[in-house]
Amino acid sequence: MTASADKTAKLWDAASGELLASFDHRGTVRWAGFSPDGARILTASWDGTAKLWDAASRVLIASFTHQDSVRWAAFSPDGAEILTASADNTAKLWDATSGKLIGSFAHQREVSYAAFSPDGARILTAGADNSAKLWDAGSGGLIASFAHQGSIRWAAFSPDGARIVTAGWDKTVKLWDATSGGVDPLLCPSG
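In what follows, the accompanying structure is described. Quantities reported herein were computed from a predicted structural model and do not represent experimental measurements. Here, residues in each chain are numbered from 1, in the same order as that chain's written sequence. Whole-chain, interface and lining totals are the exception, using all residues; otherwise, since this is a predicted model, local features are given only for residues with pLDDT of at least 70 and side-chain atom pairs are given and counted only at 80 or more. Side-chain descriptors were evaluated using all non-hydrogen atoms of the structure, hydrogens and water having been removed beforehand.

## Concerning the environment of Lys 7
Then, number 1: Its location among the elements puts Lys 7 in the loop between strand E1 (2–3) and strand E2 (8–12).
Then, number 2: Using a relative accessible area of 41% as the deciding quantity, one classes Lys 7 as partly exposed.
Then, number 3: The spatial distance from the C-alpha of Lys 7 to the C-alpha of His 107 is 27 Å, given a sequence separation of 100 residues.
Then, number 4: Contacts of Lys 7, omitting those with residues within four sequence positions, involve Phe 23, Asp 24, His 25, Arg 26, Gly 27, Thr 28 and Val 29. Numbering goes from the N terminus for both helices and strands, where a helix is a DSSP run of H or I of at least four residues and a strand is a run of E of at least two. Burial here depends on accessible area, computed with a 1.4 Å probe over protein chains only, as a share of the maximum for the residue type. Under 20% is buried, over 50% is exposed, and the range in between is partly exposed. In what follows, a contact means two residues having at least one pair of non-hydrogen atoms within 4.5 Å.

Next up, the structure:
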């Protein structure tokens, strides 16, 4: 899969390099990837949508709309839900079967990245408001907030879900305890 400024995501044969399919948007496609089972393809675009496609038939299954460009999209570990991050200051949680909105997670400025915890129970968002936020996926409640002195463009869970790493435009990377929300003092002594 490739995502491109030519307003398409493309599926290629890995062995031959042959183009197998093209998935169209009305703006730059920022991200593209497969569902955990490989049966669906998810694309995210600056046209304000994320789109879900059937990988075999290449047919559009659902479209997920934001008020501004979609910066990132991800499947839950079981593929049942989709998470989108947008310049409209929200991340949104969608049902991957029905396409219905389940929940919304707000920041003060654009949300550049969003991810599920390894068990799918929590959601992590990273924003241009100098914060990353940890949410309960079921209730939508805020669990913890992690601060930098500049925009946070990327954040991730450790494989066991016990820690969170954030990377900011303040030229720092911080490691946090995902339970307490505190900076890990052994790895980030200055906070």
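## So, the nonpolar core
Then, number 1: Of all hydrophobic cores here, the largest spans 14 residues; its most connected members are Leu 124, Ala 126, Ala 132, Leu 134, Phe 146, Phe 157 and Ile 164.
Then, number 2: Contributing elements (two or more residues each) for this core: strand E12 (111–116), strand E13 (122–127), strand E14 (131–136), strand E15 (142–147) and strand E16 (152–157).
Then, number 3: For Ala 132, the residues in contact, after removing those within four places along its chain, are His 107, Leu 124, Thr 125, Ala 126, Ala 144, Ser 145, Phe 146, Ile 152 and Thr 166.
Then, number 4: Only buried Ala, Val, Leu, Ile, Met, Phe, Trp, Tyr and Cys residues count toward a nonpolar core, and they belong to the same one when joined by side-chain atoms within 4.5 Å. Core analysis: the second largest hydrophobic core is formed by 13 residues, Leu 42, Ala 50, Leu 52 and Trp 94 among them.

## Topic: the pairing of strand E7 (residues 60–65)
Then, number 1: Here strand E6 (residues 49–54) runs beside E7; their pairing, made up of five bridges, is antiparallel. Residue Leu 52 lies in a different strand from E7, and its bridge partner there is Ala 62.
Then, number 2: Connecting E6 to the antiparallel partner E7 that follows it, the hairpin turn spans five residues, and Arg 58 within it adopts a positive phi of roughly 65°. Two strands qualify as a pair provided DSSP detects at least 2 bridges between them.

## Points about the packing of aromatic side chains
Then, number 1: For this analysis, a ring pair means two rings from Phe, Tyr or Trp (six-membered ring only for Trp) whose centres lie within 6.5 Å, classed as stacked if their planes differ by under 30 degrees, edge-to-face if by over 60, and tilted for the remaining angles. Considering all chains together, one arrives at seven aromatic pairs under this definition.
Then, number 2: When the ring of Trp 31 is compared with that of Trp 72, the centres are 5.5 Å apart and the planes differ by 50°; the resulting orientation is tilted. Of this pair, Trp 31 sits in strand E4 (residues 29–34) while Trp 72 sits in strand E8 (residues 70–75); the two residues are 41 residues apart in sequence, bridging distant segments of the chain.
Then, number 3: Note on Phe 146 and Trp 176: the rings are 5.0 Å apart at their centroids and 50° apart in plane angle, and the pair reads as tilted. Remark: Trp 176 occurs in strand E18 (residues 173–177) and Phe 146 occurs in strand E15; sequence separation between them is 30 residues.
Then, number 4: Taking the relative accessible area as the measure of exposure, Phe 146 reaches 0% and is therefore buried.
Then, number 5: Among the aromatic residues, those joined into a ring-pair cluster are Trp 31, Trp 72, Tyr 113 and Trp 154.
Then, number 6: The rule is short: NZ of Lys or CZ of Arg within 6 Å of the ring centre and within 35 degrees of the ring normal puts a charge over the ring. Above the face of the Trp 169 ring, Arg 153 is positioned so that its terminal group lies 4.6 Å from the ring centre.

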